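Chain and residue survey
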Amino acid sequence: MPESYIMKKNLVVIPIAALLLSGCGKTIKHTISFDPNGGEIDTFSIVVKDGKAIKELPTPTKEGKTFLGWFTGWGEQDIQIDKDTIIEQDYDLIAKWDTYDVSYLNGDNSVLTMETVNAGDLALGTDLIPAKSPDEDYCYYFDKWDFDFQIAINKDYLISASWETESIWWSNTSMASIITNKTYEYPFIFKNSLFSQSATIFNGELAEYAFGLSLANQDIEHITSFLNDADFADIFNSDAYLNTTEHSIGFTFAHRSIGEENLLVAAIRGFSYSREWNDNLTLGSSGNHVGFNNAAENVYTNLKIYASNNNINLAKTKILVSGYSRGGAVSNLLGTLIMSDLDIDYSEDNVYVYTFEAPAPMALENVGNYHNIWNVINSGDLITKIPPKEYGLYRAGQDIDIYDSNVNTLLKAFDRSLSIPDFKTGSNYSSDAEYQQYFIEQLLEYEDDVDANPKLSISTRDQFYNNAQEYISYVMGIFFNLKDETTKAISDDLNSKSLISLLVIIGSENGLYNYLLPFIQNDGAEYDDAALKTSLEFFRLSLTTGALSPLLQEFMTNPDHLNRAIYMHAPEVNYVLLEHFLGNF
């Protein structure tokens, strides 16, 4: 055989043989990786020889869970791998636990609630509704959970929500606190859906916006800005903002579209109304509170004129009426005037009346059934108990009480420096209700005193009308007509005097008149001397020997108790209580 042939053959055979020989004795290995599936583990992979058992598998841990083993997956063809399994391929194993946590998330990714599901079972879902805070342009409504609830649960899940959106308008206002002297900023949201429900259903979100509307109605600047922020048109402010009299009433009208419908708002001023205080005390001898009723009739007359001037069909328009304190009482009566007007076919579903901290303005015989009037009150506020029910005056509609005995805790959560005085330990009362009862009893039970002067009694509405109304109204009319610097001078001077000096002023005949007359004269205010002297003398006698005498003594002993009652009427207090009542705070 030729040598060349042998050499060529070797060139072929030798490499083949070498290749075959190189494979002899080589070990085949497989990589096994471990996914702890939410647990913790020290070893994430191991290498096992082909045809051998693993012998030792890592054991993961997970708080509150029981490890059930390592699996190739969760399908029908997947298997469990244990220490005795013969390994002939690579595996990616996943840990199986007895139960899994399915967490449902709010819009800010905080956990709303968590459901524990057995391995392989289905999640049940939750009836709880997640929340997502509004942003600059939209508010968010829960649509559905972004998850297929037919999936068998074999791992932990964080389930997010899908949301529907609605356009919103932010309306902001501010007001100086009478407690801290700080100015607080209050944001409120306007949106069309505030008026999607019947007015006969209490709507917390609408109550919140109506509170803002009432709060903003302290002057033309605030209320106009508040309404402009929500795209209201044809804003009309009454002359009373610029020229307040004893019988004027500040109010604002505006309107805008809400979808295919029209909305008209009537906001009644409840702050900074000075001389209108006269009407607050003009109860009259019978029927509705005369001062509030006259104001409500004034507003309603102008409301119809405004509607006519702006081509608004009141019968086909949604109407929002709102006011705080005096404005709340007038709003309460305005709501009844609207619904009692037989010349216009109003729908109870479309006239939304929300009042805040309103005194009682309506005679019992006129109260009726007004299902669309909602009076939001803090029952710890003495103003909501005035005039006393013994005078036969009530609020029309339904009261919503937002009082909370832990008011100071709530106030400090809003602002650490905001609080009101607590009742002194060992006093005759320890709660707002007890103090109110004491206060009103002193007014009503004076005539039972053996030394009572019948001309000073205000135990009944008739007695108040005949004995006190004229004098108190006159004094208030003068006082609120004084310049700011004059009232400050009086306040500063009184605060500088000793208790004995104050007792001398109110203890001597015409002492109050003699003390205040120089301030009034220096102010330049107009007054009738005889009327002023008679009115101030009635007030002095009421403080020293009349129905107000026990209250004066109580104030001198425990001044913080009356201060607490006054502060309970403050807007910042009732804003916090309302937000807490609505679950926002």
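Keep in mind it's a predicted model, so treat the numbers as computed, not measured.

A short note on the sheet that holds strand E23 (residues 398–401)
- Spatially, the seven strands line up as an open sheet ordered E15-E16-E17-E18-E19-E21-E23, and their pairing is mixed. The sheet is open, and its two borders are formed by strand E15 (233–237) and E23, each paired with just one other strand. Sheet twist, expressed as the average angle between the axes of neighbouring strands with direction ignored, equals 15°.
- Here four bridges tie strand E19 (residues 351–356) to strand E21 (residues 373–377), and the two strands are oriented parallel to one another. The residue bridging tyrosine 354 from the neighbouring strand is tryptophan 374, located in E21.
- Across the face of the sheet, helix H2 (residues 204–216) comes into contact with strand E17 (261–268), strand E18 (318–324) and E19 while running at roughly 60° to E18.

Description of the packing of aromatic side chains
- Here the structure, examined in full by the defined rule, presents 42 aromatic pairs.
- When the ring centre of tyrosine 241 is taken as reference, the NZ or CZ atom of arginine 269 above it lies at 5.0 Å.
- When the ring centre of tyrosine 273 is taken as origin, the NZ or CZ atom of arginine 326, which lies over that ring, is 5.5 Å away.

Some thoughts on the pairing of strand E14 (residues 183–190)
- The alternating pattern of E14 places Tyr184, Tyr186, Phe188 and Phe190 on a buried face and Thr183, Glu185, Pro187 and Ile189 on a face that is not buried.
- Direction of pairing for strand E13 (residues 169–176) relative to E14: antiparallel, over a ladder of eight bridges. Opposite serine 174, over in E14, you have glutamate 185 as the bridge partner.
- Hairpin connection between E13 and E14: a loop of six residues separates the two successive antiparallel strands, and asparagine 181 in this loop has a positive phi of roughly 65°.

Description of the packing of H2 against helix H16 (residues 571–581)
- The geometry of H2 relative to H16 is characterised by a closest axis approach of 11 Å and an angle of 170° between their N-to-C directions. Viewed along their axes, H2 and H16 adopt a mutual orientation that is roughly antiparallel. Touching Ala207, Glu208, Phe211 and Leu215 of H2 are Pro571, Asn574, Tyr575, Leu578 and Glu579, all from H16.
- Tallied by class, residues from the contact of H2 with H16 come to six nonpolar, one polar and two charged.

Quick word on empty space enclosed by the protein
- A full pass over the atoms with the stated rule returns one cavity of 30 Å³ or more.
- Considered as a void within the structure, the largest cavity measures approximately 30 Å³ in volume.
- Lining the largest cavity, in full, are Gly380, Leu382, Phe423, Asp432, Tyr435, Gln436, Ala565 and Met568.
- Of the residues that constitute the lining of the largest cavity, the class distribution is five nonpolar, two polar and one charged.

Things to note about a nonpolar patch on the surface
- Residues Leu499, Leu503, Phe555 and Met556 make up a contiguous nonpolar surface patch of about 330 Å² in total accessible area.
- Residue assignment for the nonpolar patch shows that the elements contributing at least two residues are helix H11 (499–507) and helix H14 (549–557).
- Within the element layout of this structure, methionine 556 appears in helix H14.

Quick notes on a positive patch on the surface
- There is a patch of like positive charges on the surface, built from Lys29, Lys49, Lys52 and Lys55.
- Turning to its location among the elements, lysine 49 is positioned in strand E2 (residues 45–49).
- Taking the relative accessible area as the measure of exposure, lysine 49 reaches 45% and is therefore partly exposed.

Concerning the environment of tyrosine 306
- Within the secondary structure, tyrosine 306 sits in helix H5 (residues 290–309).
- Assessed through its relative accessible area of 6%, tyrosine 306 is described here as buried.
- It is 42 Å that separates the C-alpha atoms of tyrosine 306 and asparagine 522, two residues lying 216 residues apart in sequence.

Considering the environment of glycine 250
- Structurally, glycine 250 can be placed in the loop between E15 and strand E16 (251–258).
- Of the residues examined, glycine 250 reaches a relative accessible area of 0% and is grouped as buried.
- Distance in space between the C-alpha atoms of glycine 250 and glutamate 276 is 9.1 Å, their sequence separation being 26 residues.
- For glycine 250, the contacting residues outside a window of four places in its chain are Ser238, Ala240, Tyr241, Ala267, Ile268, Arg269 and Glu276.

Considerations on the layout of surface pockets
- Reported here for the second largest pocket is a volume of approximately 780 Å³.
- Taken together, 28 residues make up the lining of the second largest pocket; nearest its centre are Pro134, Ile189, Lys191, Glu205 and Asn584.
- Top contributing element to the lining of the second largest pocket by residue count: strand E10 (residues 138–145), with four residues.
- Across the lining of the second largest pocket, the residue classes tally to 16 nonpolar, six polar and six charged.

Description of the confidence of the model for the chain
- Of all residues in the chain, 95% have pLDDT values of 70 or greater, and the mean over the chain is 91.
- Note that residues 16–24 has pLDDT below 50 and, in this model, zero contacts with residues that lie over four places away or in other chains.

Focus on the nonpolar core
- Residues Phe190, Phe195, Tyr209, Phe232, Leu320, Tyr354 and Val573 are the most contacted members of the largest nonpolar core, which totals 50 residues.
- The element best represented in this core is H2, accounting for eight residues.
- Beyond its immediate chain neighbours, meaning those up to four positions away, valine 573 contacts Ile179, Val407, Leu411, Ile420, Tyr567 and Met568.

What counts and what doesn't
Residues numbered from 1 in each chain as written. Predicted model: local features only at pLDDT ≥ 70, side-chain atom pairs only at ≥ 80, totals over all residues. Heavy atoms only, no water. Pairing = 2+ DSSP bridges. Helix = DSSP H or I, 4+ residues; strand = E, 2+ residues; numbered from the N terminus. Axes fitted to C-alpha atoms, helices over the stretch in contact; angles between N-to-C directions. Contact = heavy atoms within 4.5 Å. Phe/Tyr/Trp six-rings, centres within 6.5 Å; stacked < 30°, edge-to-face > 60°. Lys NZ or Arg CZ within 6 Å of the ring centre and 35° of its normal. Buried < 20%, exposed > 50% of the residue type's maximum accessible area, 1.4 Å probe, protein only. Parallel < 35°, antiparallel > 145°, perpendicular 65-115°, else oblique. Nonpolar A, V, L, I, M, F, W, Y, C, P; charged D, E, K, R; others polar. 1 Å grid on protein atoms, 1.4 Å probe; cavity = no way out; pocket = protein on both sides within 12 Å on 5 of 7 lines; lining within 4 Å. Points joined across faces, edges and corners; volume = space filled by probe spheres on them. Patch = residues over 30% accessible without salt bridge, like charges linked within 9 Å, V, L, I, M, F, W, Y side chains within 5 Å. Areas by Shrake-Rupley, 256 points an atom, 1.4 Å probe, with all protein chains shown as cover. Salt bridge = Lys/Arg side-chain N within 4 Å of Asp/Glu carboxyl O. Lys, Arg positive; Asp, Glu negative; His and termini not counted. Charge placed at Lys NZ, Arg CZ, Asp CG, Glu CD. pLDDT = per-residue confidence, 0-100. Core = buried A, V, L, I, M, F, W, Y, C linked by side-chain atoms within 4.5 Å.

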